[in-house]
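Close look at the chain arrangement
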Amino acid sequence: MTGKIPVHVKHPWLIAAVVCAAVPRPSSAQSLLLIAEEAGECAVRLREVVRLGGVGDPGTIGSRPEITRTTEGDYIVASVENRGELLVFDAEGVFRDRFGRGGDGPGEFRVPGRIRAGPDGSLRILDLGNRRITRLSADRRPLETVNVRSLHGLDFAAIALGERYAVSGFGQVDDVLSATTEIVDGGGQRSAGLGATPVESWMVNFFRAPVAVDGRGRVWTTRAGGYGFDAWDPSDRSEPVTRLVGDPEWFDPGPPRPGAPVTAPVPSVVIGLRVERGLLWTATWVADENWTPNPGAAPSPLDLDRIIDTILDVIDPAGGALIARTRRDEALRGTGDDALLFGVREEGGIARAVIFEPALAGRDCPPTNPSGR
């Protein structure tokens, strides 16, 4: 199911808070903006690009894969089930090659996560198990290892051609388990933390950590347990320079009902974030609107579509205007190149990744970046 959804503000005091925050403060350059309640006649449309994974392919797409597209058009897939080995598919979805193996040596991975492709054909791979970012050459030779020991990194983005990284995840901040984003250099040295939100459990909040870098070099982060987005200047990290906040009625931070974390409605989680031509594209997992209590067996990881919908938003960060909002009846995730989304489906007893390219469609969609930046 695809469609626009009505938007309401649950807490009217949020508007008053934003108005008050707009009063200039001598010690702050922060801009606090309320995300608009409604979009015009504009929606996010998804075009299927390719499907990855077949019966005869070695390895598996897995239940929670990480995928990126290289500059040459190939697709790289990592999954826990492949034990450190990554799969390579061509632009048509045909299996081509595999590389890597399990371990902690050069070119080895324990839990390969987010994959970022460089313009020179290189790959940067965040290893959740080894807590490091490995850079591989175009022919998959290990070039560099950046240790990230201060937190469990779940996502990252390169700043200034890889001289620094924004790594988001979970770690101890002032002896409290917190969701946070850190700036680290090529040697793994931590230079700053971009906000921290205390959380109850690293596992409960496993997916709450997308991060992106815009064309102005600002680092965008999400807020654990809420629907909001912060832009940070990496050279001045005292507080975000822009803060977008929303309070839509469909966003439920959870947690699920005690004793039924899988069969109860899932908490809302911002799962994807990117900036393209000045617009902020977000993806949020919410409880499936067709959800009904199921006291039986928990759904398979390959059957997330039964319990999760994805809400796709496009926002103009210059003023908080909501450009488009669309709800999909499936659990979509972002890829490492940020321009694509994907879902995992079970076909013939195996997992297949369905790759989508999102685009704006409708009479009220902006022909270019509305903010001019």
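Residues numbered from 1 in each chain as written. Predicted model: local features only at pLDDT ≥ 70, side-chain atom pairs only at ≥ 80, totals over all residues. Heavy atoms only, no water.

Considerations on the overall build of the protein chain
What counts is decided by this rule: Secondary structure is summarised from DSSP: a helix means a run of H or I of at least four residues, a strand means a run of E of at least two, and numbering begins at the N terminus for each. Residue burial is assigned from relative accessible area. The probe radius is 1.4 Å, only protein chains are included, and a residue is buried under 20% of its type maximum, exposed over 50%, and partly exposed in between. By definition in these notes, contact holds between two residues if any of their heavy atoms fall within 4.5 Å. Here the accessible surface of atoms and residues is derived via Shrake-Rupley with a 1.4 Å probe, and residues count as covered only by protein chains that are part of the display.
A count of helical and extended segments in the protein chain gives one helix and 28 strands. By residue count, 50% of the 373 residues in the protein chain fall in the buried class. Counting contacts in the protein chain only where the partners sit at least 6 residues apart, residues at least 24 apart contribute 51% of the total. When the accessible surface of the protein chain is totalled, it reaches about 16,800 Å², and 50% of it is carbon and sulfur.

Things to note about the nonpolar core
Applied cut-off: Here, the term nonpolar core denotes a set of buried Ala, Val, Leu, Ile, Met, Phe, Trp, Tyr and Cys residues that are joined through side-chain atoms within 4.5 Å.
Val44, Leu46, Ile308, Leu312 and Val314 are the most contacted members of the largest nonpolar core, which totals 23 residues. Taken together, the elements giving at least two residues each to this core come down to strand 3 (43–52), strand 23 (279–287), strand 24 (308–316), strand 25 (321–328) and strand 28 (350–361). Looking at which element gives the most residues to this core, the answer is strand 23, with four residues. In this structure, Leu312 is in contact with Val44, Leu46, Thr282, Ala283, Ala324, Arg325, Thr326, Arg328, Leu332 and Leu341, ignoring residues within four places of it in sequence. In terms of nonpolar packing, the next biggest core, distinct from the first, is built from 17 residues, Leu33, Ala212, Trp250 and Leu273 among them.

A few points about the side chain of Thr242
Among the structural elements, Thr242 can be located in strand 21 (residues 242–245). The buried category is assigned to Thr242, whose relative accessible area is 10%. If sequence neighbours within four positions are ignored, Thr242 has contacts with Ser31, Leu33, Arg218, Trp220, Phe229, Asp230, Ala231 and Pro317.

Structural notes on the pairing of strand 12 (residues 132–136)
What counts here: Paired strands, as defined in this entry, are two strands with at least two bridges between them according to DSSP.
Most of strand 12 sits inside the fold, with four of its five residues counted as buried. Relative to strand 12, strand 11 (residues 123–127) is paired through five bridges, and the arrangement is antiparallel. Paired with Leu123 across the two strands is Leu136, which belongs to strand 12. In textbook terms, the turn of a hairpin is the stretch between consecutive antiparallel strands, and for strand 11 and strand 12 this stretch comprises four residues, one of which, Arg131, has a positive phi near 55 degrees.

Describing the environment of Leu194
By the element assignment, Leu194 lies in strand 17 (residues 190–198). On the basis of relative accessibility, which here comes to 4%, the residue Leu194 falls in the buried class.

Considerations on the packing of aromatic side chains
Describing an aromatic ring pair means giving the distance of the ring centres and the angle of the ring planes. Here is the rule we go by: Ring pairs are drawn from Phe, Tyr and Trp, using the six-membered ring of Trp, whenever the two centres fall within 6.5 Å, and their geometry is named by plane angle: stacked under 30 degrees, edge-to-face over 60, tilted for the rest. Definition used: whenever NZ (Lys) or CZ (Arg) falls within 6 Å of the ring centre and also within 35 degrees of the ring normal, the charge is taken to sit over that ring.
Overall, the coordinates contain six aromatic pairs when judged by the stated rule. Seen in terms of ring centroids, Phe89 and Phe95 are 5.9 Å apart; in terms of plane orientation they differ by 75 degrees. Their pairing is edge-to-face. Residue class for Phe89 comes out buried when judged on its relative accessible area of 1%. Positioned above the aromatic ring of Phe156 is the side chain of Arg116, whose terminal nitrogen or guanidinium carbon lies 5.9 Å from the ring centre. Its guanidinium or amino end placed over the ring of Trp281, Arg274 lies 4.3 Å from that ring's centre, counting from NZ or CZ.

Regarding the environment of Phe170
Looking at the element boundaries, Phe170 is found in strand 15 (residues 164–173). For Phe170, a relative accessible area of 0% translates into the label buried.

A word on the sheet that holds strand 5 (residues 75–78)
Threshold: A fitted line through C-alpha atoms serves as each axis, taken over the contacting stretch for helices, and the angle formed by two N-to-C directions is quoted from 0 to 180°.
In spatial order, the strands read 4-5-6-7; together these four strands make up an open sheet with antiparallel pairing. A single partner strand is all that each edge strand has here, and the edge strands are strand 4 (66–69) and strand 7 (95–99). Put simply, the sheet's adjacent strands are angled 20 degrees from each other on average, direction ignored. In terms of strand pairing, strand 4 meets strand 5 through four bridges, oriented antiparallel. From the neighbouring strand, Arg69 faces strand 5, where its bridge partner is Tyr75.

Remarks on the sheet that holds strand 11
Taken in spatial order, the four strands make up an open sheet running 10-11-12-13, and their pairing is antiparallel. Strand pairing shows two members of the sheet lacking a second neighbour, strand 10 (112–117) and strand 13 (142–147), which therefore form its edges. Averaged over all neighbouring strand pairs, the angle between strand axes comes to 20 degrees, with direction disregarded.

Concerning the pattern of salt bridges
Filter applied, for reference: A carboxyl oxygen of Asp or Glu within 4 Å of a side-chain nitrogen of Lys or Arg is what we treat as a salt bridge.
By the definition in use, this model includes 25 salt bridges. Across the pair Arg243 and Asp230 runs a salt bridge whose closest N-O atoms are separated by 3.0 Å. You can see Arg243 sitting in strand 21 and its partner Asp230 sitting in strand 20 (residues 228–232), a full 13 residues away along the chain. Relative accessible area serves as the criterion here: at 26%, Arg243 is assigned to the partly exposed category. Arg352 is the salt-bridge partner of Glu347, the closest N and O atoms lying 3.4 Å from each other. Residue classification places Glu347 among the partly exposed residues on the basis of a relative accessible area of 25%.

So, unusual backbone geometry
Of note, the phi angle at Arg140 is positive, near 70 degrees, even though the residue is not glycine. Summarising the element assignment, Arg140 is placed in the loop between strand 12 and strand 13. A positive phi is found at Asp338, a non-glycine position, where the angle reads about 70 degrees. Mapped onto the secondary structure, Asp338 falls in the loop between strand 26 (333–334) and strand 27 (341–347).

Thoughts on the pairing of strand 23
Counting buried residues along strand 23, eight of its nine residues qualify, which places the element largely inside the surrounding structure. Direction of pairing for strand 22 (residues 269–276) relative to strand 23: antiparallel, over a ladder of seven bridges. Bridging from a neighbouring strand, Val269 pairs with Trp285 of strand 23.

Everything listed is a geometric property; what it means functionally is a separate question.
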